[in-house]
Amino acid sequence: MAFFWWILAVFYFSISTHAFRSGAYGQDMFPMVPPKKQDERTRIGGNEGTKLADFAHPLPTAVAEVLWNDKGNADLVKMFMNNTFGWQLATKNDSETVETFKYYSVQDYYYLLEYVNQKATAMIAYPEDSIPEFVQYQNSTAHSMVKDAAFAASFRDSLMNERTFNIPSTTIDNGHLHPAALGYAKWLQQTTKLGWYASQVARLPCIYGWPKLAASLQVVADSSGNTDTLFYREWIEQNNYNSSAVKLSNLLDTYYADYSGPRDDDIYKMVFRQAMSFEIAFFESAVGRKLSDTEGWGI
């Protein structure tokens, strides 16, 4: 077992020389094997009680859609879908917004390092009651992390590509993660303490919400004729598909019965709302920023 953790440490060091993230597109979000269900049910509070479906409509309607459409979450969904960053970039041309989008994209890149950290945290949190299951989960998660790192390298290349973002490597290497994104990342790492299912719910605003936002902003940009922008090509078009959203939604539906209990639904609602708040804050933190601001956060 010590050898496994040594390998993981070497892997982590190899990717931590660069900070990176991208959003819903491209990430291998889901390890192949979910953690042990019974352990988590016992820790959170059993498998009896009110279900998320009782608040809206019964399964098999997606758990993700239940949370998204819950009246109690309407305030945050509205703020998310109408965030200032997205609407400004969808309605203005590159001369007005390209610096803001470049700034946000570099921040998004930095964020992925912390996202990979979250997966590493989840690996440590997995119960070791069954060594074969433990090893299988660690291996599948490590494989997922390797795919994330490969995608991040590709995204970094696109940031430096002269035909797209054309951002100097020195700017990327010398920048810092904004406190809004850093707080989001650290909170996501902490959700592993609430269990595997809660940590999947925490990804909904990004994985499930981004395609909805991209589709909405595409309508706005198309109607205004504002389609020849970097934001349209590299964010709206790149995120206006739902394969990852469907995959996460199906995952939540598949294991919901195994992770539902009297306290669980309240926990999942709380996690969803907090993740939405962080995602909104991350968007809004880029409003009015320029690429040069990347180096302004001494974290």
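Our structure is the block above this text.
Residues numbered from 1 in each chain as written. Predicted model: local features only at pLDDT ≥ 70, side-chain atom pairs only at ≥ 80, totals over all residues. Heavy atoms only, no water.

Colleague: Could you give an account of the packing of aromatic side chains, naming the residues involved and the relevant values?
Modeller: Taken as a whole and judged by the stated rule, the model has 27 aromatic pairs. Between Tyr-184 and Phe-278 the ring centres are 5.5 Å apart and the planes differ by 10°, which places this aromatic pair in the stacked class. Taken together, the positions of Tyr-184 in helix α9 (residues 179–190) and Phe-278 in helix α15 (residues 264–284) put the pair 94 residues apart, joining distant regions of the chain. Residue Phe-278 is classed as buried on the basis of its relative accessible area, which comes to 19%. (Phe/Tyr/Trp six-rings, centres within 6.5 Å; stacked < 30°, edge-to-face > 60°. Helix = DSSP H or I, 4+ residues; strand = E, 2+ residues; numbered from the N terminus. Buried < 20%, exposed > 50% of the residue type's maximum accessible area, 1.4 Å probe, protein only.)

Colleague: Just give me the short version of unusual backbone geometry, but keep the residues and values in it.
Modeller: In the Ramachandran plot, Asn-166 falls in the positive-phi region, its phi being about 55° despite a non-glycine side chain. Tracing the sequence through the fold places Asn-166 in the loop between α7 (131–160) and α8 (169–174). Asn-166 gets classed as partly exposed once you look at its relative accessible area, which sits at 43%.

Colleague: Go over helix α14 (residues 243–256) with me, naming the residues and quoting the values.
Modeller: With 14 residues, α14 should cover 20 Å at 1.5 Å per step; its first-to-last C-alpha distance of 20 Å lies within 8% of that length. Taken together, the buried positions of α14 are occupied by Ser-244, Ala-245, Leu-248, Ser-249, Leu-251, Leu-252, Tyr-255 and Tyr-256. Mapping the buried residues of α14 onto a view down its axis gives an arc of 155°, with all of them on the same face. (Expected span 1.5 Å × (residues − 1). Arc of directions from axis to C-beta.)

Colleague: Before we move on, can you summarise the environment of Asp-157 with the specific residues and values?
Modeller: Structurally, Asp-157 is set in helix α7. Residue Asp-157 is classed as partly exposed on the basis of its relative accessible area, which comes to 47%. Asp-157 sits 10 residues away from Ile-167 along the chain, and the two C-alpha atoms are 9.6 Å apart.

In short, shape yes, function no, at least from these values alone.
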